[in-house]
Amino acid sequence: MNRKKIIIGLVVVCGGLAIAALIKIKSHTATTESDEATRTIVSVQVGALKRMTLHSYVTGYGTVGPAPATTEQPAAGAPLAAPVAGVVTRVNVVEGQHVEKGDVLVELNSGAATADYAAQEVERQKKLYAQQNTSLRNLQNAEAQLALLRVSAPLSGMVTRLNVKPGQAVDVNTVVAEVMDLSRLAVSAAIPASEATAMKAGQEVQVLTVPPVTTTLSFVSPVVDTNNGTVLARTALPADSGLRPGQFVQLRVVTAVHADCLAAPGESVVTDESGHNVIALVNGDEATQMPVQTGLREDGWVEVAGNGLKEGVSVVTVGAYALPAKTKVWVLK
């Protein structure tokens, strides 16, 4: 009898333990399933694909200065040097004054002659030549002697610098003044050679001043400066640009334009584990990764191409990084 009771007791205890174990397993399974469900619902923010025009730029910094000489026009700026050693006798202009080509800016006396005497000699030779009492060579020599004692404007423009005053001694090649045509200015910039390969004359240039100035690229040097690995680029400025010689400006050259291309928000394009660019397309409460080819990038947008992509499609923006290939999502408003 006692033995029977003991066996019954053991059966009851074992059964209880089995039931408890089963309850624990079910509880653990339910908890695991609940946790798994929680982990696979990801909170994200979304954006939409758009059609737009994107640009590629090369950016640099340059200095405003007079435009260089071309086959049609002389240089827009000229430092004027004393042609002979002597003493300044007369200064006919002031800084900021507009002058015409040929105007006499500064007059000199040399050890051989004075400007006044040389001018009188030219007039005398002209009268004699008109009377056929002197040779053309004598007249030309007199004019050449006067030219040595006068510093004249080689172009029309403004006197931007005046370095002498009456009574001052000057040597040969001393810069006495500078004249500049302020309607013909250009920006010269040094561009890294690796970026300059995309640049060519005729491309649009945006000078990023306030307000900005739009012009075109005039010149890209074929030679790399070995001192700093840069290439000289130059762009002519419009006559009404409002910029000043010596001004330091930022510019960017438009090297490519893709019109009406499909673009995605920049943060939506990420790299997956295999190193490919992907975006996560949102359909209802599910996000699915899609491989894409990328192109131009501008102002937070990236050109994309891929199967099934079209304007208006929703894509994950915030939360796109490390997102599973396919997962449930909760779109935050």
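Residues numbered from 1 in each chain as written. Predicted model: local features only at pLDDT ≥ 70, side-chain atom pairs only at ≥ 80, totals over all residues. Heavy atoms only, no water.

Enquirer: So what's going on with the nonpolar core? Which residues, and what values?
Expert: V99, L105, V106, L108, V170, V176 and V179 are the most contacted members of the largest nonpolar core, which has 27 residues in total. Those elements giving two or more residues to this core turn out to be β4 (77–81), β7 (104–109), α2 (115–130), α3 (136–147), β9 (157–162) and β11 (175–180). For V106, the residues in contact, after removing those within four places along its chain, are V88, R90, L149, R150, V151, V164 and V176. Counting 20 residues, the second-largest nonpolar core is a separate cluster that includes L217, L243, L251 and V253. (Core = buried A, V, L, I, M, F, W, Y, C linked by side-chain atoms within 4.5 Å. Buried < 20%, exposed > 50% of the residue type's maximum accessible area, 1.4 Å probe, protein only. Helix = DSSP H or I, 4+ residues; strand = E, 2+ residues; numbered from the N terminus. Contact = heavy atoms within 4.5 Å.)

Enquirer: Any details on the pattern of salt bridges? Residues and values, ideally.
Expert: Enumeration according to the criterion identifies 8 salt bridges in this entry. Among the salt bridges present, the one from E107 reaches R90, with a minimum N-O distance of 2.7 Å. Pair noted here: E107 is in strand β7 and R90 is in strand β5 (residues 86–91), with a separation of 17 residues, a long-range link. Via salt bridges that share partners, R90, E107 and D116 belong to a single interconnected network. (Salt bridge = Lys/Arg side-chain N within 4 Å of Asp/Glu carboxyl O.)

Enquirer: Describe in detail the environment of A118, supporting the description with residues and values.
Expert: Relative to the helices and strands, A118 is located in helix α2. Residue A118 is classed as buried on the basis of its relative accessible area of 3%. Taking the C-alpha atoms as reference, A118 lies 8.8 Å from A147; in sequence the two are 29 residues apart. In this structure, A118 is in contact with Q145, L146 and L149, ignoring residues within four places of it in sequence.

Enquirer: Give a description of the sheet that holds strand β6 (residues 98–99) that names residues and reports values.
Expert: Judged by pairing direction, the sheet is antiparallel, and its 4 strands sit side by side in the order β4-β11-β9-β6 without closing on themselves. Edge positions in the open sheet fall to β4 and β6, since each of these has one partner strand only. Bridge analysis of β4 against β11 gives 5 bridges, and the strand direction is antiparallel. By the bridge assignment for β11, P79 is matched with E178. (Pairing = 2+ DSSP bridges.)

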